[in-house]
Amino acid sequence: MIRDRIVARIRELAASFGRLSEGAEWYLFGSVDRGEEAAHDIDLLILCRDHVQADALRAAVDPDQLELPLHIAFMTYAEEAEVSAVRMQQGRIIFP
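Residues numbered from 1 in each chain as written. Predicted model: local features only at pLDDT ≥ 70, side-chain atom pairs only at ≥ 80, totals over all residues. Heavy atoms only, no water.

Asks: If you had to explain the nonpolar core to someone new, which residues and values would you point to?
Replies: Core analysis: the biggest nonpolar cluster contains 25 residues, and Ile10, Trp26, Ile42, Ile46 and Leu57 have the highest contact counts within it. Elements supplying a minimum of two residues to this core: α1 (2–16), β1 (25–29), β2 (42–48), α2 (51–60), β3 (70–76) and β4 (92–95). Per-element accounting of this core gives the leading share, six residues, to α1. With residues near it in sequence (within four places) discarded, Ile46 still touches Ala24, Glu25, Trp26, Leu57, Ile72, Ala73, Phe74 and Met75. (Core = buried A, V, L, I, M, F, W, Y, C linked by side-chain atoms within 4.5 Å. Buried < 20%, exposed > 50% of the residue type's maximum accessible area, 1.4 Å probe, protein only. Helix = DSSP H or I, 4+ residues; strand = E, 2+ residues; numbered from the N terminus. Contact = heavy atoms within 4.5 Å.)

In structure tokens:
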């Protein structure tokens, strides 16, 4: 199943960043999360402690490392609380 492969790869990627990923939460949503075999991209949201962590993760993540194009958003926990992005997008946490 495509979701299982991609989740495993994203978890590997997140873990490879070590301390940089500490305190961040990675959420998958969209067609890959729903397990659609015809998915064309990966929708990922990373919640970060602050903008410093978000900027560092943004610089570290190579969007070409995965088997599908990666659409990634970075938000702080405070920003997410204002807009409820995880709930609105029906995201599921995949890391940690």
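Asks: Before we move on, could you go through α2 and cite the residues and values that matter?
Replies: Taken residue by residue, α2 has Gln53, Ala54 and Leu57 as its buried positions. Projected down its long axis, α2 shows its buried positions confined to an angular sector of 100 degrees, all on one face. Turned more than 90 degrees away from the buried face of α2 sit Val52 and Ala59, all of them exposed. On its buried side, α2 packs onto β1, β2 and β3. The N-cap residue of α2 is Asp50: its side-chain oxygen and the backbone nitrogen of Val52 are 3.2 Å apart. (Arc of directions from axis to C-beta. Polar contact = N/O pair within 3.5 Å; in protein donor to acceptor, adjacent residues only side chain to side chain.)

Asks: Could you give an account of the pairing of β3, with specific residues and numbers?
Replies: Relative to β3, β2 is paired through seven bridges, and the arrangement is parallel. Along β3, the bridge assignment pairs Asp43 with His71. This β-α-β element, β2 to α2 to β3, shows right-handed connectivity. (Pairing = 2+ DSSP bridges. Right-handed = clockwise from strand over helix to strand, strands pointing away.)

Asks: Tell me what's going on with unusual backbone geometry, and back it up with residues and numbers.
Replies: Here the residue pair Phe95 and Pro96 is connected by a cis peptide bond, since its omega of 0 degrees sits within 30 degrees of zero. With respect to the element layout, Pro96 can be found in the segment after β4. One non-glycine residue, Ser84, adopts positive backbone phi at about 55 degrees. Tracing the sequence through the fold places Ser84 in the loop between α3 (77–83) and α4 (85–89). The phi dihedral of Gln90 is positive, around 55 degrees, even though this residue is not glycine. Its place among the elements puts Gln90 in the loop between α4 and β4.

Asks: How would you explain the sheet that holds β1 if you had to name every residue and give the values?
Replies: A sheet is described by the order of its strands in space; here four strands give the open sequence β3-β2-β1-β4, paired in mixed fashion. At either end of the open sheet lies a strand with only one pairing partner, and these are β3 and β4. For this sheet the average axis-to-axis angle between neighbouring strands, irrespective of direction, equals 30 degrees. Pairing geometry for β1 and β2, over five bridges, is antiparallel. Directly across from Leu28, in β2, lies its bridge partner Leu44. Relative to β4, α1 is tilted by about 50 degrees, and along the sheet it contacts β1, β2 and β4. (Axes fitted to C-alpha atoms, helices over the stretch in contact; angles between N-to-C directions.)

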